[in-house]
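What follows is the residue order along each chain.
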Amino acid sequence: MPSITAEQRSPTLLTEFKQRLNEAHLNVVALHNNGANIEQVVRETAQQTDIILIDAWRTYFSDKTDVSIIAVGGYGRSELNIHSDIDLLFLHAFPAPIETKLEAFGLGDFIQFLWDIGLEVGHSVRSVEECLSLANDDITIMTNMLESRLLMGDEALYQRFETQIREHSSWTNKSFYQAKLAEQNDRHLRFDETTYKLEPNIKKSPGGLRDIQTISWIANKIHGTSDPDSLMALGLLTEDELRLFKDSRNELWQLRNALHVQTKRAEDRLLFEHQHEIAAAYGLKDAPGLMAIEQLMQRYYRAAHEISQLNELIMQLMDEQLHDSKNIESTDLNAHFRIRNGYLDCIDEAVFIQHPAQLIQVFSLFQQQQTKLKGFSARCARAIRQARPLIDDAYRNEPENLAAFLALFKLDKGLTHSLRKIHEYGILGTFLPVFGQIEGQMQHDLFHAYTVDAHTLMVVRNLRRLAVSKHNEELPQLSELMQATQQRYRLYLAALFHDIAKGRGGDHHKHGAVDARAFCEKLGLPSEDVDLISWLVLNHLNMSKVSQREDLSDPQVIQNFAESVQNKTYLDSLYLLTVCDIRGTSTTTWTAWKGHLLAQLYRGTRQYLEQSDPSQENITAEEIEQKKTKTLALLENKLTQNTLEQYWQMFDDDYFLSHPTDTIAWHALAICQASALDLPLVEVRHIPNLEAEQYLIYTADSDVLLSTITGVIDQHNQNIVQARIHEANPGFTVLIITVNNANEPDAEMLDEHRASLRHALLEARDHRPAIKKIIPRRLQQFNVELDIFFSDAPDAQHTILSLTALDQPGLMHTIATALAKCQIQLISAHIATAGEKVEDRFLVCQQNKGIAINAQQKHCLNETLLEALA
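Quick caveat: nothing in here was measured; it's all calculated off a predicted structure. (Residues numbered from 1 in each chain as written. Predicted model: local features only at pLDDT ≥ 70, side-chain atom pairs only at ≥ 80, totals over all residues. Heavy atoms only, no water.)

**With respect to the overall build of the protein chain**
- Within the protein chain, the regular secondary structure consists of 39 helices and 17 strands.
- Its C-alpha atoms give the protein chain principal-axis dimensions of roughly 100 × 80 × 55 Å.
- Counting contacts in the protein chain only where the partners sit at least 6 residues apart, residues at least 24 apart contribute 71% of the total.
- The averaged location of the 117 negative side-chain charges in the protein chain is 3 Å from the averaged location of its 82 positive side-chain charges. (Helix = DSSP H or I, 4+ residues; strand = E, 2+ residues; numbered from the N terminus. Contact = heavy atoms within 4.5 Å. Lys, Arg positive; Asp, Glu negative; His and termini not counted. Charge placed at Lys NZ, Arg CZ, Asp CG, Glu CD.)

**What to know about helix α30 (residues 568-583)**
- The first and last C-alpha atoms of α30 sit 23 Å apart over 16 residues, in line with the 22 Å expected at 1.5 Å per residue.
- If you check the start of α30, you find a side-chain oxygen 3.1 Å away from the backbone N of T569, and it comes from N567. (Expected span 1.5 Å × (residues − 1). Polar contact = N/O pair within 3.5 Å; in protein donor to acceptor, adjacent residues only side chain to side chain.)

**What about the packing of helix α19 (residues 399-410) against helix α25 (residues 489-497)?**
- Running from N to C, α19 and α25 cross one another at 110 degrees; their axes reach a closest spacing of 8 Å. One finds that α19 runs roughly perpendicular with respect to α25. Contacts between α19 and α25 pair F405, L406, F409 and K410 from the former with Y489, Y492, L493 and L496 from the latter.
- Of the residues assigned to the contact of α19 with α25, the class counts are seven nonpolar, no polar and one charged. (Axes fitted to C-alpha atoms, helices over the stretch in contact; angles between N-to-C directions. Parallel < 35°, antiparallel > 145°, perpendicular 65-115°, else oblique. Nonpolar A, V, L, I, M, F, W, Y, C, P; charged D, E, K, R; others polar.)

**Here's the deal with helix α36 (residues 705-715)**
- When you tally the buried positions in α36, you get ten out of eleven residues, the bulk of the element.
- All of the buried residues along α36 are L705, L706, S707, T708, I709, T710, G711, V712, I713 and D714.
- Looking at the buried residues of α36, the elements they touch are β10 (692-700), β11 (720-727), β12 (732-740), α37 (747-763), α38 (811-821) and β15 (824-830).
- The first or second residue beyond α36 is N717, which carries a positive phi of 60 degrees. (Buried < 20%, exposed > 50% of the residue type's maximum accessible area, 1.4 Å probe, protein only.)

**Things to note about the sheet that holds strand β5 (residues 330-332)**
- Reading across the sheet, the four strands line up as β5-β6-β7-β8 and stay open at both edges, with mixed pairing between neighbours. Sheet topology places β5 and β8 (375-376) at the edges, where each strand pairs with a single neighbour.
- With four bridges connecting them, strand β6 (residues 337-340) and strand β7 (residues 343-346) associate as antiparallel partners. Note that in β7 the partner of I339 across the bridge is L344.
- Helix-sheet contacts for helix α17 (residues 378-386) involve β6, β7 and β8, and the interaxial angle to β7 is about 60 degrees. (Pairing = 2+ DSSP bridges.)

**Describing the pattern of salt bridges**
- This model, assessed by the stated rule, comprises 37 salt bridges.
- The partner of R77 in a salt bridge is E147, with the nearest N and O atoms 2.8 Å apart. You can see R77 sitting in the loop between α3 (73-76) and β2 (86-92) and its partner E147 sitting in the loop between α7 (139-146) and β4 (148-152), a full 70 residues away along the chain.
- Note on R77: relative accessible area 13%, which makes it buried.
- For D751, the salt bridge is made with R754, and the minimal N-O distance between the two is 3.4 Å. Highlighted residues: D751 and R754, both in helix α37, separated by three residues, approximately one helical turn.
- It is possible to trace a salt-bridge network through shared partners that takes in R43, R77, E79 and E147. (Salt bridge = Lys/Arg side-chain N within 4 Å of Asp/Glu carboxyl O.)

**Points about the packing of aromatic side chains**
- Tallying each qualifying case throughout the model produces 30 aromatic pairs.
- Here the aromatic cluster, defined as three or more aromatic residues joined through ring pairs, consists of F17, W57, Y60, F61, F90, F110 and F113.
- The cationic tip of K410 hangs over the ring face of Y489; the distance from NZ or CZ to the ring centre is 4.9 Å.
- Its guanidinium or amino end placed over the ring of F656, K628 lies 5.0 Å from that ring's centre, counting from NZ or CZ. (Phe/Tyr/Trp six-rings, centres within 6.5 Å; stacked < 30°, edge-to-face > 60°. Lys NZ or Arg CZ within 6 Å of the ring centre and 35° of its normal.)

**Quick notes on the pairing of strand β9 (residues 681-687)**
- For β9, the buried fraction is high: six of the seven residues fall into the buried class.
- Sheet topology note: the β9/β10 ladder contains seven bridges and is antiparallel. Paired with V684 across the two strands is Y695, which belongs to β10.

**A closer look at the sheet that holds strand β3 (residues 121-127)**
- Strand order across the open sheet formed by four strands is β3-β2-β1-β4, with mixed pairing between neighbours. The open sheet has two free edges, formed respectively by β3 and β4, since each of these has just one partner strand. Each neighbouring strand pair of the sheet contributes to a mean axis angle of 30 degrees, computed without reference to strand direction.
- For strand β1 (residues 67-72) and β4, the ladder comprises four bridges, and the chain directions are antiparallel. The partner of A71 across the bridge, within β4, is R149.
- Where helix α8 (residues 155-167) meets the sheet, it contacts β1, β2 and β4, and its direction lies at approximately 165 degrees from that of β4.

**Comments concerning the state of the cysteines**
- All told, the structure shown has one disulfide when counted by the stated rule.
- Each disulfide pairs two cysteine sulfurs, and for C822 the partner residue is C860, the sulfurs being separated by 2.1 Å. A torsion of -80 degrees about the S-S bond marks the disulfide between C822 and C860 as left-handed. Of this pair, C822 sits in the loop between α38 and β15 while C860 sits in helix α39 (residues 855-869), and the two are 38 residues apart along the sequence.
- Given the relative accessible area of 22%, C860 is considered partly exposed.
- Here C845 is not cross-linked by a disulfide; its sulfur's nearest cysteine counterpart is in C822, at 14 Å. (Disulfide = S-S within 2.5 Å.)

**Considerations on the environment of Q548**
- With respect to the element layout, Q548 can be found in helix α28 (residues 542-549).
- For Q548, a relative accessible area of 10% puts it in the buried group.
- A C-alpha to C-alpha distance of 25 Å links Q548 and Y492, two positions 56 residues apart in sequence.

**A short note on the nonpolar core**
- Core analysis: the biggest nonpolar cluster contains 100 residues, and F352, F376, I384 and F409 have the highest contact counts within it.
- If near-sequence neighbours (up to four positions away) are discounted, F376 is found in contact with Q316, Y343, L344, V362, F363, F366, A381, I384, K421 and Y425.
- Counting 65 residues, the second largest nonpolar core, distinct from the first, contains A135, L157, L231 and M442. (Core = buried A, V, L, I, M, F, W, Y, C linked by side-chain atoms within 4.5 Å.)

**Comments concerning the packing of α30 against helix α31 (residues 592-610)**
- Between α30 and α31, whose axes approach to 10 Å, the crossing angle comes to 175 degrees. Compared by their axis directions, α30 and α31 come out roughly antiparallel. On the side of α30, the interface is formed by K568, L571, D572, Y575, T578, V579 and I582, while α31 contributes K594, L598, A599, Y602, T605, R606, L609 and E610.
- Considering only residue class, the contact of α30 with α31 consists of eight nonpolar, two polar and five charged.

**Concerning the confidence of the model for the protein chain**
- Confidence in the prediction of the protein chain, expressed as mean pLDDT, is 89, and 94% of residues score 70 or more.
- Within the protein chain, the lowest mean pLDDT, 70, falls on strand β16 (residues 833-834), and the highest, 98, falls on α25. (pLDDT = per-residue confidence, 0-100.)

**Remarks on the environment of G731**
- Its location among the elements puts G731 in the loop between β11 and β12.
- Sequence-distant contacts of G731, defined by excluding residues within four places in its chain, comprise T699, A700 and D701.

**Re the pairing of β12**
- Most of β12 is tucked away, with seven of its nine residues classed as buried.
- Looking at chain direction, β10 and β12 are connected through nine bridges and run antiparallel. By the bridge assignment, Q694 is partnered in β12 with T738.
- When β11 meets β12, the two strands line up antiparallel, connected through seven bridges. If you follow I725 over to β12, its bridge partner there is L735.
- Between β11 and β12, which follow one another and run antiparallel, lie four residues, and G731 among them has a positive phi close to 90 degrees.

This is the structure:
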């Protein structure tokens, strides 16, 4: 029976322990806030928890030892962050069945008591035999039990448990290592295999605390200890590496503790809103070119990078320790290097001291042999890192070393892997100091999900994938273009330099172009290569801007872009770099719609460059006649030529230039077959290859038309990416609205969308009020300055409204309402979203007049939008 009476289990006892736990919590928070050594804070948190648990146990059970309480997992290592939960194993020796015995013992009441006083407890109740059986079946349970401490209970029972887990488990050292390595690889894959995410998980991201724990678990299983100091004694770390290991671990502990203090809960995600708070708590201040949160995140990235590198080193050394020394496979590659058990190894650890040029050349060798290799041996990797101080200005200017570096980009295989390694080992940023300046540099926006250096390598990787035929199915047309491109190394070098000047202030593309030219000249590249690479860096943003912000049906837009590109080689190169750049920003930035716009700009520009007589008039007239002829063929037996001729008369040239033939055919069939009773006509279709839904609306014009349409689309939670409005017969309007929709809707959903929009148009009397929606969490962390700018359109009959604002729900509906209020008519809209920011372009005119808006209307629109969006 329990050793306390029912009276002792009163609210007073609960209050007492709640207060003790709260005081212990306040004490460790104070330690943290007062800048105590983080190791002291972590150990003190565990120790204070021990004291409360042991006192509670003694209060309940006195000296009874039928059940023992054991700390396992991180708590078993005596490592707790301030709000970490605790894992407990209640070990018993009762024969089965045990339910009544445990109830009589009072264990269920005790566990409930722990929860009631505020401890987050994960627990299991098992016998020694159950522990062993479950551990044999589940690597997670085995791992948890390896890290244990007896808090209270039978010492002999605990020792039997320890002996069974360590000496009688079916997990061999090798099988345990392989399982934990596979587990780590899977986890890294879930986090995009990069340390450099902008909102990392301090515990689970590559380079996070879990990587440290994986080392501890395996060392514990193989060597019976997880103490970092013992790793040096075991030959797994040098003295310098041990210091770096502890410093980096402590940085992560410090950040995790800060997260727990700020959020008042167990939190491992370093989200944007927490970054601001923690940077302030650290006393960091914004500096020119480097915000406080960017300084904070650089500290995190440096620590995570070092942990990632040390994890790889220690894991490999333990792997080598597990290999049978009698079955070592070794093949010499040259006088300096060999393949040993699947790793590139140096024959002599002093190779880089004696032959410094090998410090670059070894990566070329790795690149050539990459398909046969699991990586660098720990010995070789350590020698590379220790040789970094050899790289000085003289080394960087040595022709042999420059040639070896260029060879990496000219070798048509393995570039992604070799660049990642040369970056991971710190050689890339040392040999190319301008690259070193962007290492670990975050970009505080939602457009880029990675740091500048990680993004840069991702762009190179994307280009390489286009060059490899096994990836042709991803982007077939671009793969074909890339594989037909000669001297692809020029593209790879342009990718390496395209963001090299981020964070310096000013226009990074201009500074980067200067850096690229200087380095390429130092490499000894031909002048035509230098010119192309520098031009690509200078112009790497242009194609994206034009495709998303300009009217690609306007021949003048195509002509201007073609003249800036000059020739097909430059166009092809810029197209490839642009696509890979966008795809390298995050896993969500690239959309089929963006791909469609870029392809449309590419095709139009190439056609212009290939024209023998590229005058606008000839191209326009020819294109319109071709579209009419193709539309007639598509609608054969559906509409007569006479009916289509009448349809042509409804529109000006801009309509035909704005839409592809199949879209014109869709419009014509719907509109020509509609009767007066069908108005307002609303049709909707899904376009799978564009991952888009497109609305066709044909109706009488009204000042509430656009407000009504955008309000309904907003209710559908759809984002407008393009809108075009054409005046048809006098008093009638055709609107074509394209919205993002990656998931193909079924026929029923499309019909619901069509019906709801038509119903709203039939009922439209006033402007639909905006539906107030909460701005998403991530967007709330950004302060995007609202910018409204008016300019004259080239035809002088319209006005261009350029708007930059925070992306937010209902934005397009707000703009539509403002336009109506100021008696402004929308002609077309191009919506470009870059992370947290929208950069939209609208072609407008005076309502029912077809002329540019006046100063009064500009003032009205400016004030209305400022009031609604600021």
